[in-house]
Amino acid sequence: MLSTILGVGVGFAIAFGVKATNPDEVTITWIKLPGDIYLRILTLTILPLIVANIFLVTATLDLKKNVNLIGTLIGTACAAIIQPGSRILIEGGDSNSQLEGSGLSASDVFRDIFMNLFPDNIIGVALFQYRTEVINGTTGEKTVNSETPGSNTIGILFISVVFGAAANAVGKMAKPLIKFFEAVSAVVTKLMAIFLRLWSPGPRVS
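Looking at an unreviewed UniProt entry, the protein chain carries the name Amino acid transporter, with the source organism given as Hymenolepis diminuta. Checking UniProt for the protein chain, the heading Subcellular location (unreviewed entry) contains the comment "Membrane".

> Explanation requested: the overall build of the protein chain in the structure shown.
Helices and strands together make up the secondary structure of the protein chain, namely 7 helices and 2 strands. Counting from the amino terminus, the protein chain carries its helices and strands in the arrangement α-α-α-α-β-β-α-α-α. Counting the 206 residues in the protein chain, one finds 25% classified as buried. Total accessible area on the protein chain stands at roughly 13800 Å², and carbon and sulfur atoms take up 67% of it.

> When you look at the side chain of Thr132 in this model, what are you seeing that I'm missing?
With respect to the helices, strands and loops of the structure, Thr132 is situated in strand E1 (residues 128-136). In this structure Thr132 comes out as buried when scored by relative accessible area, which is 3%. Within the structure, Thr132 has its side chain in polar contact with the side chain of Arg111 (distance 2.9 Å). Polar contacts involving the side chain of Thr132 include one to the side chain of Asp112, which spans 2.8 Å. Ignoring sequence-local partners within four residues, the contact set of Thr132 consists of Leu104, Asp108, Arg111, Asp112, Lys142, Thr143 and Val144.

> Even after reading the chapter, I still don't get helix H2 (residues 25-60), so can you show me in this structure?
For an α-helix the count is 3.6 residues per turn, leaving residues at separations of three or four pointing the same way. End to end, H2 covers 51 Å across 36 residues, agreeing with the expected 52 Å (1.5 Å per residue, within 8%). Along H2, the helix axis deviates most sharply at Leu33, where the bend reaches about 45 degrees; the proline Pro34 sits within four residues downstream. Listed as buried for H2 are Gly35, Tyr38, Ile41, Leu42, Thr45, Leu49, Ala52, Phe55, Leu56, Thr58 and Ala59.

> Looking at this structure, I do not really get the UniProt feature "transmembrane region" (unreviewed entry) in the protein chain. What am I missing?
Summarizing the sequence annotation, UniProt attributes the feature "transmembrane region" (unreviewed entry) to residues 37-57, 69-90, 153-171 and 183-200 in the numbering used throughout. This span, residues 37-57, is 100% helix and 0% strand, and a straight line between its end C-alpha atoms measures 30 Å. End-to-end, the C-alpha atoms of residues 153-171 are 27 Å apart, and along that stretch the chain is 95% helix and 0% strand.

> Sorry if this is basic, but what is going on with the packing of aromatic side chains here?
Two numbers describe a pair of aromatic rings. These are the distance of the centres and the angle of the planes. Per the stated rule, a full pass over the model turns up 3 aromatic pairs. Here the aromatic rings of Phe180 and Phe181 are separated by 5.3 Å at their centres, their planes lie at 80 degrees, and the arrangement is edge-to-face. Members of the aromatic cluster, connected to one another through ring pairs, are Phe55, Phe180 and Phe181.

> Just checking my understanding: could you explain the side chain of Asp112 for this structure?
Following the sequence through the fold, Asp112 ends up in helix H4 (residues 106-117). At 4.3 Å, Arg111 is the nearest oppositely charged side chain to Asp112, a buried residue that forms no salt bridge. Leave out the neighbours within four places in its chain, and Asp112 touches Tyr130, Arg131 and Thr132.

> How should the confidence of the model for the protein chain be read in this particular structure?
Residues shown with low pLDDT carry predicted positions that ought not to be read at fine detail. Of all residues in the protein chain, 69% attain a pLDDT of 70 or more, and the chain-wide mean is 75. Segment residues 87-98: pLDDT under 50, and 24 contacts once partners within four positions in sequence are set aside and those in other chains are kept.

Procedures and definitions
Residues numbered from 1 in each chain as written. Predicted model: local features only at pLDDT ≥ 70, side-chain atom pairs only at ≥ 80, totals over all residues. Heavy atoms only, no water. UniProt positions renumbered as here; feature names shortened; annotations may be inferred. Helix = DSSP H or I, 4+ residues; strand = E, 2+ residues; numbered from the N terminus. Buried < 20%, exposed > 50% of the residue type's maximum accessible area, 1.4 Å probe, protein only. Areas by Shrake-Rupley, 256 points an atom, 1.4 Å probe, with all protein chains shown as cover. Polar contact = N/O pair within 3.5 Å; in protein donor to acceptor, adjacent residues only side chain to side chain. Contact = heavy atoms within 4.5 Å. Expected span 1.5 Å × (residues − 1). Bend = angle between axes of the 7 residues up to and from the residue. Phe/Tyr/Trp six-rings, centres within 6.5 Å; stacked < 30°, edge-to-face > 60°. Lys, Arg positive; Asp, Glu negative; His and termini not counted. Salt bridge = Lys/Arg side-chain N within 4 Å of Asp/Glu carboxyl O. pLDDT = per-residue confidence, 0-100.

Okay, here's the thing in structure tokens:
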């Protein structure tokens, strides 16, 4: 706690001091570097931690007794990912109306969501997204790109839940797989704790 307060205080002091000198882009880049690296390290550990823990929760729950809980978790996660109502249609009521500023229709967006929800590649789901892209805004020409760079979060969630439920149903034969994900969770948690302990003061300053 003390290191956090100290880091924030030093960060503000350095920021005001550096701003007064009108630094160039190179200086700003190097000052931001520790914070950027810190965020990249956290991003590195978050995905395997989420996958492992969602799998473990689903694999070890009594599905018959916790159906409502699982449904609530899935619904909450999907709502957070999809964010219903965050995109406004120019012409309400028509499913083919263009989404403001995107050139896409509501139908395009929902198709992308469902295609991402059911991925066809368990490895690619961490690397690519399915996305409809507008080629020509004037003519409205579109193309589908199933290898748009970026993690398919909703697909990762789906795979974690489904594989966890399957492991739960298999029972004893899935114990080695469950042990593996327990180990992954423990290792990633340990790594995150080490990173936070060793790296935290620098990013707070930057």
